[in-house]
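Tertiary structure, described
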Amino acid sequence: MKRTMPLLGLVLACTLALSACGGIGGTDGTTTATSVAQIPQLKADQQVSIVFESYNYGLAGPWTDTFNALIAEFSKQHPNIKVTAQKPQGNSPNPATDTISSIQNQMAAGTPPDVAQLGFSDLDFTIHQLGAKPLDELVGKQEVQAEFDGPQHAYAPRARTLDDWGGHTYGVPFVFSTPVLYFNASLFQQAGLDPAKPPTTWQQVADASRAIVDKTGKGGVYIDCLTKTAKDWCFQSMVRSNGGRVISENRKTLTYADAPAVQVTQFGQQLVTSGEMPKLDQKQGYESFARGDIGMILETSAVQGVFEKGAKGKWDLRDTQMPSFDGKPTVPTNSGAGLHILSNDPAKQRAGWELIKFLTSPQAFTTIAKGIGYLPLRTGLLEDPSGLQTWAQQNPLVTPNVAQLDRMEPWVSMPGTNYLQVRDAMMDAVESVVFQGKDAQSTLTAARDAGAKLLPAS
C-alpha cells in the first residue's frame, strides 16, 4: 500500500507568494529613518579605513576564500580605502547566528563595524536597534536606483526591496538562495528510481526516501528547514507552502501553532520515525549528503560548493525545485543577507557605500556564483557570454534557484527587541517535534504562547 503523509494528503499546499509588506518586516508604511545629510564623495587622495563584518569569514573553504579574493580586488581598485574584514565574534556552529550579538557587543564598546552583512530575518532589529542608515538619504535615491539598475545587469525585481522598510532602502540585498532539493542521482539509480524524474511533491519525496533506505541502506532525505541552526527562513517556506504563516501579516500574532505549521512538523517527524530522515544536526546533515550517504537534501545553495566537492568523481549531484504539497504550487522564501552601513562618519559611510557597490557588482556576483554557488541577483549575468553564460551552461545546478526567483516570498523578520528569542523558541519547538518525537500541537502551542509574551505591545 502506498504510504501517505499524516494529516497532509488532501490539505497541504506548497504556496510561497511574495509578501505584501514593503520589505521583510514592516507593513505599516511609516518612515522610520532619521533624516541624514547626503555624504560627499571621497577626495582622490583621501585615505579611509573601514571594518567589514561578514559571517562568510566564519566559514572555512569556499566562503572565506571567495571573500578574501573579493576584498583583495576591491583594494586594488580603491587603494585609498583600507578594508579590515572580520567574522562575527562568537562560537556558534553557524557564524551567522553570532552576528547580532557580535555587533551589539562592539557597539557597547564604541567600536561597531562600519559595514555589516546582516540577515534578512534581522531587518527589524537592524533598523530600529543597530541604527542602519537609510541609503536613499545617505547617497540619494538616484544613486541607489542606479545601483539596482546597473551598471551592466539590473537586479532581479523581487530582490530589490528585501532590505526596504517604511519607504526607505536600508541595505542592498547581497547573497541568498531559495530552498533547493539536491539529490544523489547515483543513489536514485541504485534504488531503482529515475533521476531524470526527481520528486516534485513531498509525497514523492517520502516514497523515494523509502526506496533509497530499503535498497541502498543510505539515508533517504534530510530537510535542513526543520533544524534550529538553519534559522527559520526555510521553515517559513514550508509553512507558507501549506497555506499558513508563522506570524500574521500585521505582525501582531504568532501563527506557527496553526494547522499548516503543525502538519509540516508532523510530516518531518514521520520521516524521522520511519527511518527515512536521519537524526542529524545541520552540519552533520549537509556533510553526510556531501559524502553520498543521503539521497536528498532540501538546502540553501550556500553549501552547493561543499556538495560539488564531495560528489566530484564519486557520485552524480543534481538538483530540482522545492517539492510541493500535493497539487499546490510552490513560492519559495529566501535565505541570506543584505549589506548595511552602520558608521556615523561621513567618510567611512562613503567608503562603505563604495564597498557595497563593488560587492554587488557584476564582477563580484560572478566570483560569488562560481566560488560559492549563491544565486547572482543580477540574473542577466547568466545569459551574458562575458559573464556567467558558459558557467551556467556547465553548472545546471543554478537553474532551480533562478526558476524560483519570480515567485519568491521574503523571509519575514520577527518584531521587537526579543525577536531572536521568539524565532529560536519556535525553531526549538520545531526541532523537538521532528527529531525528538514530541507532540506537535502541544509543543508548538506552548512555544507560541511563550513567544506571544515577548512581542512588542500593540
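Quick look at the structure, then. Since the structure is predicted, the reported quantities are computational estimates derived from the model, not experimental observations.

The subject of this paragraph is the packing of aromatic side chains. Tallying each qualifying case throughout the model produces 15 aromatic pairs. A ring pair is formed by Phe-289 and Phe-307, whose centres lie 4.8 Å apart and whose planes are at 75 degrees; its orientation type is edge-to-face. In this pair, Phe-289 sits in helix α11 (residues 282-291) while Phe-307 sits in helix α12 (residues 304-311), placing the two residues 18 residues apart along the sequence. Take Phe-289 and Phe-307: they sit in the same class, and that class is buried. A network of ring pairs unites the aromatic residues Tyr-182, Phe-289, Phe-307 and Trp-315 as a single cluster.

All right, on to the environment of Leu-271 then. Note that Leu-271 resides in helix α10 (residues 259-273). When sequence neighbours within four positions are dropped, the list of residues in contact with Leu-271 reads Ala-206, Val-221, Ile-223, Glu-276 and Met-277.

On to the sheet that holds strand β2 (residues 81-86), then. Strands belonging to one sheet form pairs held by backbone hydrogen bonds; the direction of such a pair is parallel or antiparallel. Taken together, five strands build an open sheet; the order of strands is β2-β1-β3-β11-β6 and the sheet is mixed. With partners counted over all chains shown, the strands left at the sheet margins are β2 and β6 (172-175), one partner each. Strand-to-strand twist in this sheet, taken as the mean axis angle between neighbours without regard to direction, amounts to 30 degrees. In this structure, strand β3 (residues 115-119) lies alongside strand β11 (residues 337-341), joined through five bridges in antiparallel fashion. Bridge pairing in β11 places Leu-118 opposite Gly-338. Of the strands in this sheet, β1 (48-53), β2, β3 and β6 are in contact with helix α1 (residues 62-77), which crosses β2 at around 170 degrees.

Attention shifts here to the layout of surface pockets. As a volume, the largest pocket reaches approximately 810 Å³. Within the residue set of the lining of the largest pocket, elements represented by two or more residues are α1, α11 and α12. Among the elements that line the lining of the largest pocket, the one with the most residues is α11, at four residues. Class assignment for the residues of the lining of the largest pocket results in 17 nonpolar, 14 polar and nine charged.

Turning to the pattern of salt bridges, a few remarks are in order. Pairing between side chains of opposite charge can happen when the charged atoms of each approach one another. Counting across every chain of the model gives 18 salt bridges. Across the pair Glu-147 and Arg-378 runs a salt bridge, and its minimum N-O distance is 3.1 Å. Here Glu-147 is found in helix α5 (residues 141-149), whereas its partner Arg-378 is found in the loop between α14 (362-371) and α15 (389-394), with 231 residues between them in sequence. What makes Glu-147 buried here is its relative accessible area of 6%. Judged by relative accessible area, Arg-378 falls into the buried class, the value being 0%.

The next subject is the nonpolar core. Membership of the largest hydrophobic core comes to 136 residues, with the highest contact counts inside it found for Phe-52, Ile-223, Leu-226, Phe-235 and Met-277. Ranked by residue count, the leading element in this core is helix α17 (residues 419-436), at nine residues. Dropping the residues within four chain positions of it, Phe-52 is found in contact with Tyr-57, Phe-67, Ile-71, Val-83, Thr-84, Ala-85, Gln-86, Val-115, Gln-117, Leu-339, Leu-355 and Leu-359.

Among all positions in helix α2 (residues 99-108), only Thr-99, Ile-100, Ser-102, Ile-103 and Gln-106 are buried. Along the axis of α2, the buried positions cluster into a sector of 160 degrees, meaning they face one direction only. Just past α2, the residue Gly-110 takes up positive phi, approximately 80 degrees.

Before going further, it helps to examine the state of the cysteines. All told, the structure shown has one disulfide when counted by the stated rule. Disulfide pairing is shown between Cys-225 and Cys-234; the S-S distance is 1.9 Å. Taking the relative accessible area as the measure of exposure, Cys-225 reaches 1% and is therefore buried. The exposure class assigned to Cys-234 is buried, which follows from its relative accessible area of 3%.

Positive phi values are uncommon outside glycine, yet Lys-231 reaches one of about 60 degrees. Considering the arrangement of structural elements, one finds Lys-231 in the loop between β8 (219-223) and α9 (233-241). The phi torsion at Arg-251 lies on the positive side, around 65 degrees, for a residue other than glycine. Mapped onto the fold, Arg-251 is located in the loop between α9 and α10.

Definitions and limits used
Residues numbered from 1 in each chain as written. Predicted model: local features only at pLDDT ≥ 70, side-chain atom pairs only at ≥ 80, totals over all residues. Heavy atoms only, no water. Phe/Tyr/Trp six-rings, centres within 6.5 Å; stacked < 30°, edge-to-face > 60°. Helix = DSSP H or I, 4+ residues; strand = E, 2+ residues; numbered from the N terminus. Buried < 20%, exposed > 50% of the residue type's maximum accessible area, 1.4 Å probe, protein only. Contact = heavy atoms within 4.5 Å. Pairing = 2+ DSSP bridges. Axes fitted to C-alpha atoms, helices over the stretch in contact; angles between N-to-C directions. 1 Å grid on protein atoms, 1.4 Å probe; cavity = no way out; pocket = protein on both sides within 12 Å on 5 of 7 lines; lining within 4 Å. Points joined across faces, edges and corners; volume = space filled by probe spheres on them. Nonpolar A, V, L, I, M, F, W, Y, C, P; charged D, E, K, R; others polar. Salt bridge = Lys/Arg side-chain N within 4 Å of Asp/Glu carboxyl O. Core = buried A, V, L, I, M, F, W, Y, C linked by side-chain atoms within 4.5 Å. Arc of directions from axis to C-beta. Disulfide = S-S within 2.5 Å.

Distances and angles like these do not, on their own, reveal function.
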